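Residue-level structural notes
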Amino acid sequence: MTANMLDQTMSIEIPPFRPSDHLLGIVQGIIASRVNSRIVLAGQGEIIVLPKAGSYYTNAQNMARFCQAPAAQFETTPLGNSSLSYPIESARNIKELLWQAAFHVSQGRLPEGCTKYDVVQFRHWPNLTRLPITPHAAQICALLTRTPTTIMLVRRILDIPREEVFQIYSAAYCAGITTKIQKTPEQSQAEADIANTPPPAPHGLMRSLFAKILGL
């Protein structure tokens, strides 16, 4: 692919996804209602969401397929006084469920309400050993944990596909571990100018500097 073709590809806008169309929106609604609930997808298993405890249980056969299914295919019911058949040690942090639900449905898109111009910082490092990730997830997290950065600039700094940055940002945002930073118009314009310039050469000064800072 030529440089011109690559620039044209980068300029194509990727439409956002709506959390309400998938499992993500259902889980967000349950958390907001604070009502313990069971989510069933026929033939694929179930997820038990306990918002007050901040945990969930699941026996989903394929988590990616479960998360990508249309919202209309799920059956959601309050647990009431029903007892759980899951051992307590199998409980997982509900933020992990939100990460997975957003990650699998993102497929390189951002959720409604987020843009590539968002200036973002991660509040803490996610436990990547327990989560679905992309090949450069650790580098993205390293940069955004240490330095508030515009999403479109992350791709330029690390020289990786924007879809990968969008997917990790989507997961982290929906899991509630990001903070959107407000910057002055001058700062935003400066970052936009950098983001619209060609990525630094592999051995260029800028890339070497960021590699040293981030320990990549």
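Read on for a plain summary of the structure. (Residues numbered from 1 in each chain as written. Predicted model: local features only at pLDDT ≥ 70, side-chain atom pairs only at ≥ 80, totals over all residues. Heavy atoms only, no water.)

Things to note about the environment of serine 170
- Position of serine 170 relative to the elements: it lies in helix 7 (residues 162-174).
- Serine 170 sits in the buried class, given a relative accessible area of 0%. (Helix = DSSP H or I, 4+ residues; strand = E, 2+ residues; numbered from the N terminus. Buried < 20%, exposed > 50% of the residue type's maximum accessible area, 1.4 Å probe, protein only.)

A short note on the packing of helix 5 (residues 137-146) against helix 7
- Running from N to C, helix 5 and helix 7 point in directions that differ by 65 degrees, and their axes come no closer than 10 Å. In this structure, helix 5 meets helix 7 at a crossing whose hand is right-handed. Where helix 5 abuts helix 7, its residues Ala137, Ile140 and Cys141 lie against Glu164, Val165 and Ile168.
- Residues belonging to the contact of helix 5 with helix 7 are distributed by class as follows: 5 nonpolar, no polar and 1 charged. (Axes fitted to C-alpha atoms, helices over the stretch in contact; angles between N-to-C directions. Left-handed = near helix turned anticlockwise from the far one by under 90°. Contact = heavy atoms within 4.5 Å. Nonpolar A, V, L, I, M, F, W, Y, C, P; charged D, E, K, R; others polar.)

Quick look at the environment of threonine 147
- Note that threonine 147 resides in the loop between helix 5 and strand 7 (149-150).
- With relative accessibility at 33%, the residue threonine 147 sits in the partly exposed group.
- If we skip the residues at most four places from it in the chain, threonine 147 touches Val120 and Gln121.

A few points about the pattern of salt bridges
- For the structure on display, the rule yields 7 salt bridges.
- Taking the shortest distance from any N to any O, the salt bridge between glutamate 46 and arginine 38 comes out at 2.8 Å.
- The residue glutamate 96 makes a salt bridge to arginine 92 at a minimum N-O spacing of 2.8 Å.
- Accessibility expressed as a relative area gives 12% for glutamate 96, which makes it buried.
- Each of Arg92, Glu96 and Arg130 takes part in a single network of salt bridges with overlapping partners. (Salt bridge = Lys/Arg side-chain N within 4 Å of Asp/Glu carboxyl O.)

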